[in-house]
Amino acid sequence: MPGDMTRLVSSEENKDLPLSSYNTLGSDSDISRSPNESGFMVNKRAMYEPGAVMVCSQKRACCVVSMGFAAIIAVALIVAFTKPATNGEEFPWTDVRLPFHVRPLYYNISLHPNLTTRHVEGHVTIKLTAIEETTAIIIHGHDLNITDYSLNKKYGKPIEILKFLVYPPHQQLYLGLNEILRRGSNYTLRLKYKTTLKEGLEGFYLSSYINADGERRYLATTHFEPTSARAAFPCFDEPHMKAQFFLSLVREPQHIALFNMPLQDSVPLQDTGLVMDSFEESKIMSTYLVAFVVCDYKSVSNMTRHNISLSVYAPPTMIDQAGYALQVASHIFDFYQDFFGIKYPLPKQDLIAIPDFGAGAMENWGLITYRETALMFDANHTSSWAQQGVAVVIAHELAHQWFGNLVTMSWWSDLWLNEGFASFMENIGTKAAQPGWAMEEQFLVDKMQPALALDALLASHPISTPVKDPAQIESIFDTISYKKGASIISMLESFIGHKMLAEGLQLYLRENEFGNAATDDLWAALTKVTKKHNNELDIKGIMDTWTLQAGFPLVSVTLQDGHILATQARFVVCEENVTDPNEPLNTTIGYRWHVPLTYITSEQPHEQAMHWMNLSDVEFEVGKDVKWVKFNVGQRGFFRVSYDAAGWAGLISLLRNNHTALSSADRANLVDDIFTLVNPFCTATQSWAGTINGSLALELSLYLKNETRYIPWHTALEHLFQWVRLLFNYPAHTQMLQYIHTLIIPHYKRIGWNNTGTHLERLLRSKILSAAVYCGDTHAIQEAKRMFHDWRINGTFIHPNLRAVVYRTGVRYGTEEDWRHCWKVYNTSTIPSEKKLMLKAMAQTQNPWLMQQFLEYTLDSTKIRQQDVLTVLQEVSKNPSGRFPAWRMVRQHWAQISRQFGQGSFTIGSIIKAVTSTFTSAFDLGEVESFFKDVSVGSGERALAQALETIRLHIQWHEHNLDDVSHWLNQRVTPAKTQVEVDPQ
Ligand code: BES
Ligand code: ZN
């Protein structure tokens, strides 16, 4: 999309995906703490290897006492550095992870939320089993006022609780017992508590919408992943502590209550006018997947082919927009059941639209919660792009019902097993429901390319990454876990084949169902399957190079007399002479990869060949008559390719003369690689590996005059408009826009304003029209302004696929009245997709006062919902007139923003990136650095590092490319050749 975020960070397009938050890697320095004062001893390994059994006995506690002076000092230090529990006493457990000496089997939860007073009364009974002997229970609880507690043995005999402590920094509760829990015995822990419905978008929180009579209606809903179940009820809130859940919930009669499982029973509570709903008991599952909602929604339902009851719930005002979700979900659900080869184990699946929702959607087992824009579709109002968004999010969350819910990662370090897989499956699932949408091709621009862009930064991280505390966990819900994760599965599929992958996945799911798994379990299942088919590939050996190391290789190829030499080295976009080349070598694998190097040649353009680069370089023959070789066929491999001068020349000439000789994926790949290689880059062995001239990338881009396909255009526009942003302060800025304009004009004329063609052609139209406006095309601007005006004054219908460009242009070139009209539509529309477009349109204003007002609305949740603040900041920052006001606003109100979004939320990192990473000058870099030097950013730490690195690289780009690019543009673009409108404001 023109005007999108910088290429060096992932561009999330116009979806509701908060996936661009990055953060500090967890330091494991505190894992070596060992004995504590509670009379039990902890095996250090067990503390950070989930699933390992905690060793804990009185005998060992005695050993601790006799361990000598050094140990005493160590303990004293731990005590000295540990914050006290709320009553001032020392909290005896120092680890943010729970010990594993007891585990839950069964939770019986009773809740009474009052949606008027916000008070919640809760009562939880947990059946536990002791894994090891212990005299203490440590459990999670966050912001719960525990009013009563008890512990019983079998047959109800009580166990005296000597000490009850609350430790807010780790969100833990401690119960010290006066007798030892016996290994293998079961116990019942009861806790009564009071809490409130939360203000934010996590835990058990309040949301609301305006009904048809203009009245505000409230609902109470949950979002627990990754660590907020503990804010709703005391629990062992780690993904491997699976248990069954039984819920009863008290509600008012006008409401309904929903849970992961179907309703079992509804009983009126005498003299209260209230009703108590009880639900069937759940399957064994992780706490983060528990969900419940109290609301007054309506629903539409369907029975799937496999006899699962599927329903979509929405506010009554929106229920007529639920049909598409129901239809597409039924289709995908049936498809997955066959694809995964395992029956969905619950009797129902609900999809529910939540008006205030932080993420895009959440896969709670049997009760998936969605942002309204990710579920609602209205054919008269919603664009093809937004419709695809709905299908993709549904396909993603439904894939989690198997990948994540049935088989869950043992610990968050393997989050990619959940998110990478769901992201890989979302294209496959959507394709099953919408075969005409070319979802395989879209994988490239949606997953592979953004992941490669981010993973070229030094501040990236390996897919499998140690994390411990909630802020670290939040920080890995990012492009690496999602998109790089999905991309390396796609690469795996490319060399073992779709069938073998599907069979391996089925085996993995079967072997681990209702349990937990780690990355190695997946490789083990795939190895069994490949072996069975006599394929001797070392799956784990190959894949470890992709999951355990940050980054990816640049494969440099030379062709001489039919002889290919291909070498590999880590590709890092870096500052000249700044990166220490030896630093990246400090890993056991040494930044080398098993690269499946595929290629086609001019002699055999339809026959893909392949050589493995097994941690090594390769040499091979392709034949003396070969004119060009294209590597990484279809960009299925997670690496980049750099050709020698003759190699690029051959491919550029092929593109310019006969581009359809290559697939559209290969064309997009060449554009993506050449524009990226214009950045100065380092490899592990060379601190300065040089660049490709910017003019060479521009020479290649000339072929776009003939390009008619969406995927290459998507890639090209991302890069070309990134260059426009990079040239912001220079005369070449206007010429760059003029150049893009010349590329676009023939396509603008060809494509026109009528909503015709295939799905991809419609997506392309929207991009080309927006690009034309952005380049100042007078015709496009006039047309959009006319349509906007007719819509505003006469209510003339605009096709949904044209609305984004029409609304944006209308506001950009419009009056204050135009902006106010959009504000009114935003506040009154019941169409989520329309509201979202209004937000984006309003961010286009050129009026400084309106811009400021809009920004200030983000601080008032009655004006702009918390869930939409990120969108506003992103959109305003993309507007050249908005980026400084947005940055200023965030600085000025940092305290409030950081309080509102929480130090541990995935949004805070995205906010930092949104308002800083379009900067391109040393002065702005200095400002960002000095501002963040003194403020705490919590889970946004890695995002900040990535943003700073990105700005530094922008500066570096100028040093290397400005002269060359300006020169090329000077020669190519003469003012007479194009029409460029000066901004009428
Ligand atoms: N499990 C996530 C939701 C989530 C995101 C929880 C961040 C905690 C932190 C869900 O499956 C998800 O990935 N949702 C995506 C949508 C998807 C289509 C990429 C999202 O919310 O952006
Ligand atoms: Zn997900």
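Residues numbered from 1 in each chain as written. Chains lettered and ligands numbered in written order. Predicted model: local features only at pLDDT ≥ 70, side-chain atom pairs only at ≥ 80, totals over all residues. Heavy atoms only, no water.

### Some thoughts on the pattern of salt bridges
We apply this condition: Counted as salt bridges are all cases of a side-chain nitrogen of Lys or Arg within 4 Å of a carboxyl oxygen of Asp or Glu. Each helix is a run of DSSP H or I of at least 4 residues and each strand a run of E of at least 2, with the numbering of both proceeding from the N terminus. Only protein chains enter the area calculation, which uses a 1.4 Å probe; residues under 20% of their type maximum are buried, those over 50% are exposed, and those in between are partly exposed.
According to the stated counting rule, one finds 46 salt bridges in the structure shown. Where Glu 426 meets Lys 447, a salt bridge forms, and the shortest distance between an N and an O atom there is 2.8 Å. A residue pair is termed long-range when its members are at least 10 positions apart, and Glu 426 in helix H6 (residues 415-433) and Lys 447 in helix H7 (residues 439-455) qualify at 21 residues. Among the residues examined, Glu 426 registers a relative accessible area of 6% and is labelled buried. Between Arg 891 and Glu 927 there is a salt bridge, and its shortest N-O distance comes to 3.6 Å. Separated by 36 residues along the polypeptide, Arg 891 in helix H25 (residues 883-892) and Glu 927 in helix H28 (residues 922-933) bring together distant segments of the chain. The class of Arg 891 is partly exposed, set by a relative accessible area of 26%. Each of Glu 426, Asp 446, Lys 447 and Lys 483 takes part in one network of salt bridges that share partners.

### Topic: the sheet that holds strand E16 (residues 298-303)
Test applied: Here, strands pair whenever DSSP counts at least two bridges between them. When checking whether two residues touch, look at their non-hydrogen atoms; a contact exists if any pair is within 4.5 Å. Axis geometry follows a simple rule: fit a line to the C-alpha atoms, using only the stretch in contact for helices, then measure angles between N-to-C directions, giving values from 0 to 180 degrees.
Pairing within the open sheet is mixed, and its five strands lie in the order E16-E17-E18-E20-E19. The outermost strands of the open sheet, each flanked by one partner alone, are E16 and strand E19 (361-362). Sheet topology note: the strand E18 (residues 348-354)/strand E20 (residues 367-371) ladder contains five bridges and is parallel. Across the sheet, the residue bridging to Ala 353 is Tyr 370, located in E20. Packing against the sheet, helix H4 (residues 323-340) makes contact with E16, strand E17 (309-314) and E18, and its axis sits at approximately 150° to E17. In this fold helix H5 (residues 384-400) packs onto E18, E19 and E20, with an angle of close to 150° to the strand it touches most, E20.

### Section: the site of ligand 1
For clarity, the threshold we go by: Here a residue is considered near a molecule or strand provided that any single heavy atom belonging to it is located within 4 Å of it. By the criterion applied in these results, polar contacts are pairs of N or O atoms within 3.5 Å in which, for protein atoms, one can donate a hydrogen and the other can accept it, and in which residues neighboring in sequence qualify only through two side-chain atoms. Every accessible area reported is derived by Shrake-Rupley at a probe size of 1.4 Å, with residue values counting cover from the shown protein chains alone. When residues are grouped by polarity, Ala, Val, Leu, Ile, Met, Phe, Trp, Tyr, Cys and Pro land in nonpolar, Asp, Glu, Lys and Arg in charged, and all others, Gly among them, in polar.
Not every one of the 19 residues close to ligand 1 is listed here, only the nearest: Glu 225, Gly 360, Glu 363, Glu 397 and Tyr 482. Contacts to ligand 1 include Glu 363, whose side-chain N or O atom sits 2.6 Å from a nitrogen atom. Contacts to ligand 1 include His 400, whose side-chain N or O atom sits 2.9 Å from an oxygen atom. Protein contacts shield 99% of the accessible area of ligand 1, which totals 500 Å² for the unbound molecule. Sorting the residues of the shell around ligand 1 by element identifies E19, H5 and H6 as the ones contributing at least two each. The biggest single contributor to the shell around ligand 1 is H5, with four residues. The residue inventory of the shell around ligand 1, partitioned by class, reads ten nonpolar, four polar and five charged.

### A few points about the coordination of the zinc ion (ligand 2)
Selection criterion: Only nitrogen, oxygen and sulfur atoms qualify as donors, provided they sit within 2.8 Å of the metal or within 3.2 Å for Na, K and Ca; with water excluded from the atoms, sites may seem incomplete.
Within the protein, the zinc ion (ligand 2) binds to His 396 (NE2), His 400 (NE2) and Glu 419 (OE); these donor distances fall in the range 1.9 to 2.1 Å. Sequence positions of the donors to the zinc ion (ligand 2) reduce to the motif H-x3-H-x18-E. Taken together, the residues His 396 and His 400, both in helix H5 and four residues apart, mark about one turn of the helix. Residue His 396 is classed as buried on the basis of its relative accessible area of 6%.

### Topic: the packing of aromatic side chains
Note the following rule: For Phe, Tyr and Trp, rings pair up if their centres lie within 6.5 Å, where Trp contributes its six-membered ring, and each pair is then called stacked (planes under 30 degrees apart), edge-to-face (over 60) or tilted (otherwise). Throughout this description, the term charge over a ring refers to an Arg CZ or Lys NZ atom that lies within 6 Å of the ring centre and within 35 degrees of the ring normal.
Applying the stated criterion to the full structure yields 56 aromatic pairs. Between Phe 224 and Phe 233, the aromatic rings sit 6.1 Å apart at their centres with planes inclined by 70°, giving edge-to-face as the arrangement. Neither residue differs from the other here; Phe 224 and Phe 233 are each classed as buried. Here the aromatic rings of Tyr 336 and Phe 340 are separated by 5.3 Å at their centres, their planes lie at 35°, and the arrangement is tilted. A residue pair is termed a helical-turn pair when its members lie 3 or 4 positions apart in one helix, as Tyr 336 and Phe 340 do in helix H4 at four residues. With respect to burial, Tyr 336 and Phe 340 carry one shared label: buried. Directly above the aromatic system of Trp 411 lies the positively charged group of Arg 97, at a separation of 3.4 Å from the ring centroid. Sitting above the plane of the Phe 728 ring, Arg 883 keeps its charged end 4.1 Å from the centroid.

### Some points on the sheet that holds strand E24 (residues 563-570)
Strand pairing in a sheet takes place through backbone hydrogen bonds and is either antiparallel or parallel in direction. Ordered in space as E28-E24-E23-E30, the four strands form an open sheet in which the pairing is mixed. Only two strands of the sheet have a single partner each, and these edge strands are strand E28 (618-621) and strand E30 (640-643). If you compare each strand with its neighbour and ignore which way they point, the axes differ by 25° on average. Sheet topology places E24 next to E28; four bridges connect them, and they run antiparallel. Residue pairing for E28: Leu 565 is matched across the bridge by Glu 619.

### Overview of the side chain of Lys 242
Heads up, the condition is: The charge count includes Lys and Arg as positive and Asp and Glu as negative, but it does not include His or the ends of the chains.
Structurally, Lys 242 is set in the loop between strand E10 (216-223) and strand E11 (244-251). One buried charge, Lys 242, has no salt-bridge partner; the nearest side chain with opposite charge is Glu 513, at 10 Å. Apart from the residues lying within four places of it in its own chain, the contact partners of Lys 242 are Arg 103, Pro 104, Ile 284, Met 285, Ser 286, Asn 405, Leu 406, Val 407, Thr 408, Phe 514, Gly 515 and Asn 516.

### With respect to the nonpolar core
We apply this condition: Working definition of a nonpolar core: buried Ala, Val, Leu, Ile, Met, Phe, Trp, Tyr and Cys residues. They are joined through side-chain atoms within 4.5 Å.
In terms of nonpolar packing, the biggest core is built from 322 residues, with Phe 233 and Ile 394 touching the most fellow members. The contact partners of Phe 233, leaving out residues within four places of it in the chain, are Tyr 107, Ile 109, Val 124, Leu 144, Tyr 193, Phe 224, Phe 245 and Val 290.

### Focus on the environment of Ile 480
Assignment of secondary structure puts Ile 480 in helix H9 (residues 479-496). Along the sequence, Ile 480 and Glu 419 sit 61 residues apart, while their C-alpha atoms lie 9.7 Å from each other. Setting aside residues up to four positions removed in sequence, Ile 480 forms contacts with Leu 454, Asp 455, Ser 460, His 461, Pro 462, Ile 463 and Gly 485.

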